[in-house]
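Architecture and fold: a report
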Amino acid sequence: MIWRHKLSLSCGKDPSNQDTMMTEQITMQAPPSSRLVCAFGKACSSRKGGKEQGPDLCSWCKNMSLFELYRLADGLGREDHEAVRKLVDAYKKHLEDDLLERLRHKGWLMPCAIKDPYVRHMQWRDSFNPQDDKPCNNVVHRGQLCQRCYTKAREQECTWLKVEFDGDRYGFPCVFEDPRMHRPKDYFWRRGPGEDPDWEKDSRRGHAPCGRCEQRYKLCQNCYARINEMRGFGKFFDETHGILRMRYRGRDTGG
Ligand SMILES: [Zn+2]
Ligand SMILES: [Zn+2]
Ligand SMILES: [Zn+2]
């Protein structure tokens, strides 16, 4: 797989002499002060007084939300405003292309949730600034935070992390897929009234794969569509939203 190949290259595992020479060459060619310059110049929030004006967004700014970058660009003087907006446009395009490329290839890693351009309208994303200039790492699941962002969000005690995320992942698993919901007492709701073998989600029976949910204890859309008209549904789940009734959740729901 190509990403593995790329990964091992960037890890620099067992580099030949030639590789080392190439790395040195690249390091020497890069402008030595690239970390001290930013297209936002004085308006760059990475340090007091900003940075020296440079040709591109700095890595600190690239971790900020796209909306915030556009807002910052709009606050610049007339001369810089257009040029910096174009840089943000180009960065947004780059994030979109990167994501689409990764979605096209099965097994490729995904960008960190904050680098997913399609969540830019979400409030959590707009409000979050990791306040760090290291780039994100890629992750296994779409909607997952990289280790750095997860750590920063916990340090900043972000409310959205507690409400909208399950650990480092946006959203929650379908209640049928929740690894915390395989206790002996879960047998009752998993089996339901026991009349229809298609009640419990089972991919071997051709059931559609589960999606993520915006809250815990909920059926994903596919499972909801499969069982919501079966007899006895309302005994176990709230009919409108497909949320498991309180009495079946139990107290022992941690980790
Ligand atoms: Zn910057
Ligand atoms: Zn990240
Ligand atoms: Zn499901």
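Residues numbered from 1 in each chain as written. Chains lettered and ligands numbered in written order. Predicted model: local features only at pLDDT ≥ 70, side-chain atom pairs only at ≥ 80, totals over all residues. Heavy atoms only, no water.

**A short note on the pattern of salt bridges**
- Tallied over the entire structure, the rule returns 22 salt bridges.
- Between Glu96 and Lys92 there is a salt bridge; the shortest N-O distance is 3.8 Å. Of this pair, Glu96 and Lys92 both sit in helix 5 (residues 78–104), four residues apart, which is roughly one turn of the helix.
- With a relative accessible area of 17%, Glu96 lands in the buried category. (Salt bridge = Lys/Arg side-chain N within 4 Å of Asp/Glu carboxyl O. Helix = DSSP H or I, 4+ residues; strand = E, 2+ residues; numbered from the N terminus. Buried < 20%, exposed > 50% of the residue type's maximum accessible area, 1.4 Å probe, protein only.)

**What to know about a nonpolar patch on the surface**
- Residues Leu100, Leu103 and Tyr118 make up a contiguous nonpolar surface patch of roughly 260 Å² in combined accessible area.
- One can find Tyr118 in the loop between helix 5 and helix 6 (123–127). (Patch = residues over 30% accessible without salt bridge, like charges linked within 9 Å, V, L, I, M, F, W, Y side chains within 5 Å. Areas by Shrake-Rupley, 256 points an atom, 1.4 Å probe, with all protein chains shown as cover.)

**Here we look at unusual backbone geometry**
- Here the phi dihedral of Gln131 falls at roughly 55°; this positive angle occurs in a residue that is not glycine.
- If you trace the backbone, Gln131 turns up in the loop between helix 6 and helix 7 (147–155).
- For Gln131, a relative accessible area of 47% gives the class partly exposed.

**A closer look at the packing of helix 4 (residues 66–74) against helix 5**
- Where helix 4 meets helix 5, the axes come as close as 8 Å, and the angle between the chain directions of the two elements is 165°. Classified by the angle between their axes, helix 4 and helix 5 sit roughly antiparallel to one another. The handedness of the crossing between helix 4 and helix 5 comes out as right-handed. Across the interface between the two elements, Leu66, Leu69, Tyr70, Ala73 and Asp74 from helix 4 touch His81, Val84, Arg85, Val88, Asp89, Tyr91 and Lys92 from helix 5.
- Among the residues forming the contact of helix 4 with helix 5, the class breakdown is seven nonpolar, one polar and four charged. (Axes fitted to C-alpha atoms, helices over the stretch in contact; angles between N-to-C directions. Parallel < 35°, antiparallel > 145°, perpendicular 65-115°, else oblique. Left-handed = near helix turned anticlockwise from the far one by under 90°. Contact = heavy atoms within 4.5 Å. Nonpolar A, V, L, I, M, F, W, Y, C, P; charged D, E, K, R; others polar.)

**A short note on the coordination of the zinc ion (ligand 2)**
- Around the zinc ion (ligand 2), the protein contributes the donor atoms Cys112 (SG), Cys136 (SG), Cys146 (SG) and Cys149 (SG), at 2.3 to 2.4 Å from the metal centre.
- Around the zinc ion (ligand 2) sit four donor atoms, and with donor-metal-donor angles ranging over 105 to 114° the site reads as tetrahedral.
- Linear spacing of the donor residues for the zinc ion (ligand 2) on their chain is C-x23-C-x9-C-x2-C. Of this pair, Cys136 sits in the loop between helix 6 and helix 7 while Cys149 sits in helix 7; the two residues are 13 residues apart in sequence, bridging distant segments of the chain. (Donors = N, O, S within 2.8 Å, 3.2 Å for Na, K, Ca; no water. Tetrahedral: all angles 85-135°; square planar, octahedral: opposite > 155°, others 65-115°.)

**Comments concerning the coordination of the zinc ion (ligand 1)**
- Listed as protein donors to the zinc ion (ligand 1) are Cys38 (SG), Cys44 (SG), Cys58 (SG) and Cys61 (SG); their distances from the metal cover 2.3 Å.
- Here the zinc ion (ligand 1) is ringed by four donor atoms whose angles at the metal span 107 to 113°, and the overall shape comes out tetrahedral.
- Read from N- to C-terminus, the donor residues coordinating the zinc ion (ligand 1) fall into the pattern C-x5-C-x13-C-x2-C. Like Cys61, Cys58 is buried.

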